[in-house]
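A look at the structure
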Amino acid sequence: MGYDYPLIIAVRAVASRILVQHTMMMVMMMPKLTTLSLSLLLLSFISGSTLTLGNEQKTWCVAKPSSDQATLLGNINYACSQSQVDCRILQRGCPCFSPDNLINHASIAMNLYYQSKGRNHWNCDFRGSALIVVTDPSYANCIYA
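How each quantity is defined
- Residues numbered from 1 in each chain as written.
- Predicted model: local features only at pLDDT ≥ 70, side-chain atom pairs only at ≥ 80, totals over all residues.
- Heavy atoms only, no water.
- pLDDT = per-residue confidence, 0-100.
- Contact = heavy atoms within 4.5 Å.
- Helix = DSSP H or I, 4+ residues; strand = E, 2+ residues; numbered from the N terminus.
- Expected span 1.5 Å × (residues − 1).
- Buried < 20%, exposed > 50% of the residue type's maximum accessible area, 1.4 Å probe, protein only.
- Polar contact = N/O pair within 3.5 Å; in protein donor to acceptor, adjacent residues only side chain to side chain.

**Observations regarding the confidence of the model for the chain**
- Overall, the predicted model of the chain reaches an average pLDDT of 78, with 62% of residues at or above 70.
- For residues 32-54, every residue scores under 50 in pLDDT, and the model assigns this stretch 10 contacts once sequence neighbours within four places are set aside.

**Thoughts on helix H3 (residues 102-116)**
- When the terminal C-alpha atoms of H3 are compared, their 21 Å separation across 15 residues agrees well with the 21 Å that a helix rising 1.5 Å per residue should span.
- Most of H3 is tucked away, with 12 of its 15 residues classed as buried.
- Along H3, the residues classified as buried are Asn104, His105, Ala106, Ser107, Ile108, Ala109, Met110, Asn111, Leu112, Tyr113, Tyr114 and Gln115.
- The distance from a side-chain oxygen at the start of H3 to the backbone nitrogen of Ile103 is 3.4 Å, and the residue carrying that oxygen is Asn101.
- Taken from the residues just after H3, Gly118 is the one with a positive phi, measuring 100 degrees.

Structure below.
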């Protein structure tokens, strides 16, 4: 079985031309892509927030289920002590009082803090005891902001 060397050489030449054309096209596009990427990065840095393209996804901050009681209580106290956070919805008779437990109250207080600070990921850390979620945790008449 013999090889058709002229055919192999022709195929390699075509493949080389395609590769060169593709490479040249990518090189020509790089300055535009780089400029766009740098512009978006600079915009994100200047605005001081997370850069989101397209439709921005709503997020909420909740307490990790594995958090201990002391941590949850500390998170409630910290979040509710901030002037821009109104924790009255956690009081008895208010929509978010029930269920009356620390994980529920901490999640609501932590989310109020997170929302009031602009939903930046660093505002939902609480020393590693919080999670950012994309599913609305609202229930009954308790609407998470």
